[in-house]
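Chain residues, written in single-letter form:
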Amino acid sequence: HIVVGQFGSGWLYQLPGLGSKMGYWDLGTGGTITLTVPNQVAPDRCKYVWLQVILFKDITQPPAVGVSGAVKLQEQEVTVETVSTGGWWVLDQSVWRLPQSQASDTGTITSSVRWGSVVDQVLADTVSAPTFDSLAQVKAQSVGTLLEVVGPIVTRKFETFFYMQDPDRMAGIRVNCPASQLPAEGTVPWVLGTIRNIDGELVIDQASVMAGSAVTMPGALGMNGRATSTGLIARGLLVRLWGRASVPNPASSTFLVQDGSPQPVVVERHGIQPPADGANIALTGVLCVSNAGTVLRVNSSSPISVWP
């Protein structure tokens, strides 16, 4: 539903000063575009709403965007076209969260009350998902399940993924996400993604991640090498190991640590220098799975300690 405000020209096919785009609305001052998106009622599921608005910026200003009853989690702006006569078209994308799915969602775009707004396109996309605060519960879900997780703490982050674990250390999990969305270690983010099995490891894949508040990070579990692959394996958890390093190739991203257990532990390093071959070391990282089997992934958050 579109209401053109004062001084607005309404729908325009094309103006020479607005570049190559065709078919847009000059909303004037205080004009509105209202979208009502029908949905199924699901009290036990949260709802995410993505709103994308393509608008023109020069003396005209971006409209105010909102979703009724929702909390805005994220917003970003991307330039679509720069106009040679001045100004540019941009895409404004915002992400909103509703605590539960309801009969319909209402998004509203309101033009600037002073300078007006010109809007080319509005796109609304919604998704609902069950919410969990425990990774132990998450790991019990079927592969392919889309879900939201709020409550676990980020323990380590890497290039395009991070690990988080329950505050009571009941379970931990890897989360794959864009590098631009990596949360800070020691925070509690919102995570929306799909359960996958990758290289034998359950992960939350193709996740959308929204930053959360900082909390106290759980301490690492002290373990010997045997405990990393037998009994109740602490996969996905922050752990600390001790032993003698075996570093045949310092340029390799992996090396071994041996404490007398039947099998050495493979250490996968990220942004950290390897120790000297034969050094006695202590190191902290996340116990996980790769093509090499059980590995300990370490980064610069916990430098490798060496003693004589």
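Anything mentioned here points back to the structure above.
Each value, and the rule that gives it
- Residues numbered from 1 in each chain as written.
- Predicted model: local features only at pLDDT ≥ 70, side-chain atom pairs only at ≥ 80, totals over all residues.
- Heavy atoms only, no water.
- 1 Å grid on protein atoms, 1.4 Å probe; cavity = no way out; pocket = protein on both sides within 12 Å on 5 of 7 lines; lining within 4 Å.
- Points joined across faces, edges and corners; volume = space filled by probe spheres on them.
- Helix = DSSP H or I, 4+ residues; strand = E, 2+ residues; numbered from the N terminus.
- Nonpolar A, V, L, I, M, F, W, Y, C, P; charged D, E, K, R; others polar.
- Buried < 20%, exposed > 50% of the residue type's maximum accessible area, 1.4 Å probe, protein only.
- Pairing = 2+ DSSP bridges.
- Core = buried A, V, L, I, M, F, W, Y, C linked by side-chain atoms within 4.5 Å.
- Contact = heavy atoms within 4.5 Å.
- Lys, Arg positive; Asp, Glu negative; His and termini not counted.
- Salt bridge = Lys/Arg side-chain N within 4 Å of Asp/Glu carboxyl O.
- Polar contact = N/O pair within 3.5 Å; in protein donor to acceptor, adjacent residues only side chain to side chain.
- Phe/Tyr/Trp six-rings, centres within 6.5 Å; stacked < 30°, edge-to-face > 60°.

(A) Layout of empty space enclosed by the protein. Going through the model one piece at a time under the given rule, you end up with one cavity of 30 Å³ or more. Lining the largest cavity we find Leu35, Val37, Val49, Leu51, Val67, Asp105, Thr106, Gly107, Ala124 and Thr126. The element best represented in the lining of the largest cavity is strand β9 (residues 104-110), accounting for three residues. By residue class, the composition of the lining of the largest cavity is six nonpolar, three polar and one charged.

(B) Examining the pairing of strand β3 (residues 24-28) more closely. Burial analysis of β3 places four of its five residues in the buried class, the great majority of the element. With three bridges joining them, strand β2 (residues 10-12) and β3 adopt antiparallel strand pairing. Bridging across to β3, Trp11 finds its partner in Trp25. Taken together, the three bridges between β3 and strand β10 (residues 117-132) define a ladder with antiparallel strand orientation. If you follow Asp26 over to β10, its bridge partner there is Val118.

(C) Spatial organisation of the sheet that holds strand β6 (residues 64-67). Strand order in this open sheet of four strands is β1-β4-β9-β6, and the pairing throughout is antiparallel. Either end of the sheet is taken by a strand with one partner, and the two such strands are β1 (2-3) and β6. Relative to β9, β6 runs antiparallel, the two being bridged by four bridges. Looking at the pairing, Ala64 lines up with Thr110 of β9.

(D) Spotlight on the nonpolar core. Of all hydrophobic cores here, the largest spans 19 residues; its most connected members are Phe255, Ile281, Leu283 and Leu296. Counting residues per element, the ones that place at least two in this core are β18 (238-246), β19 (254-258), β20 (265-269), β21 (280-290) and β22 (293-298). Not counting the four nearest positions on each side in its chain, Leu296 is found in contact with Val239, Leu241, Val265, Val266, Val267, Glu268, Leu283, Gly285, Val286 and Leu287. Residues Leu147, Ala171, Ile173 and Val209 belong to the second largest nonpolar core, which totals 18 residues.

(E) Quick look at the side chain of Asp26. Mapped onto the elements of the fold, Asp26 is located in strand β3. Although Asp26 lies buried, it forms no salt bridge, and the closest oppositely charged side chain, Arg114, sits 15 Å away as judged by the N-O distance. At 3.2 Å, the side chain of Asp26 and the backbone nitrogen of Ser9 are in polar contact. A distance of 3.2 Å separates a polar atom in the side chain of Asp26 from the backbone nitrogen of Gly28.

(F) Focus on the layout of surface pockets. Each pocket or cavity is described by its volume, and for the largest pocket that value is around 170 Å³. Listed by contribution, the elements that provide at least two residues to the lining of the largest pocket are β20 and β22. Taken together, the residues that form the lining of the largest pocket break down as five nonpolar, seven polar and one charged.

(G) Expanded view of unusual backbone geometry. Non-glycine residue Phe7 carries a positive phi angle of around 70 degrees. Residue position: Phe7 is located in the loop between β1 and β2. The exposed category is assigned to Phe7, whose relative accessible area is 69%. For Gln206, which is not glycine, the phi dihedral falls at a positive 50 degrees. Residue placement: Gln206 occurs in strand β16 (residues 201-214).

(H) Up close: the packing of aromatic side chains. Per the counting criterion, the structure on display carries seven aromatic pairs. Look at Phe158 and Phe161: their rings are 5.1 Å apart centre to centre, the planes differ by 25 degrees, and that puts the pair in the stacked class. Residue class for Phe161 comes out buried when judged on its relative accessible area of 6%. Ring centres 6.1 Å apart and planes at 80 degrees place the aromatic pair Phe161 and Tyr163 in the edge-to-face group. For Tyr163, a relative accessible area of 0% corresponds to the buried category. Grouping aromatic residues by their ring pairs yields a cluster made of Tyr24, Phe56 and Trp89.

(I) Up close: the pattern of salt bridges. Tallied over the full model, the rule gives seven salt bridges. A salt bridge links Glu75 to Lys72, with the nearest nitrogen and oxygen atoms 2.8 Å apart. Judged by relative accessible area, which is 40%, Lys72 ranks as partly exposed. Linking Arg297 and Glu268 is a salt bridge whose minimum nitrogen-to-oxygen distance equals 2.6 Å. One end of the pair, Arg297, is in strand β22; the other, Glu268, is in strand β20, and 29 residues separate them in sequence. Owing to a relative accessible area of 5%, Arg297 belongs among the buried residues under this scheme.

Take it as geometry only, folks, not as evidence of what the structure does.
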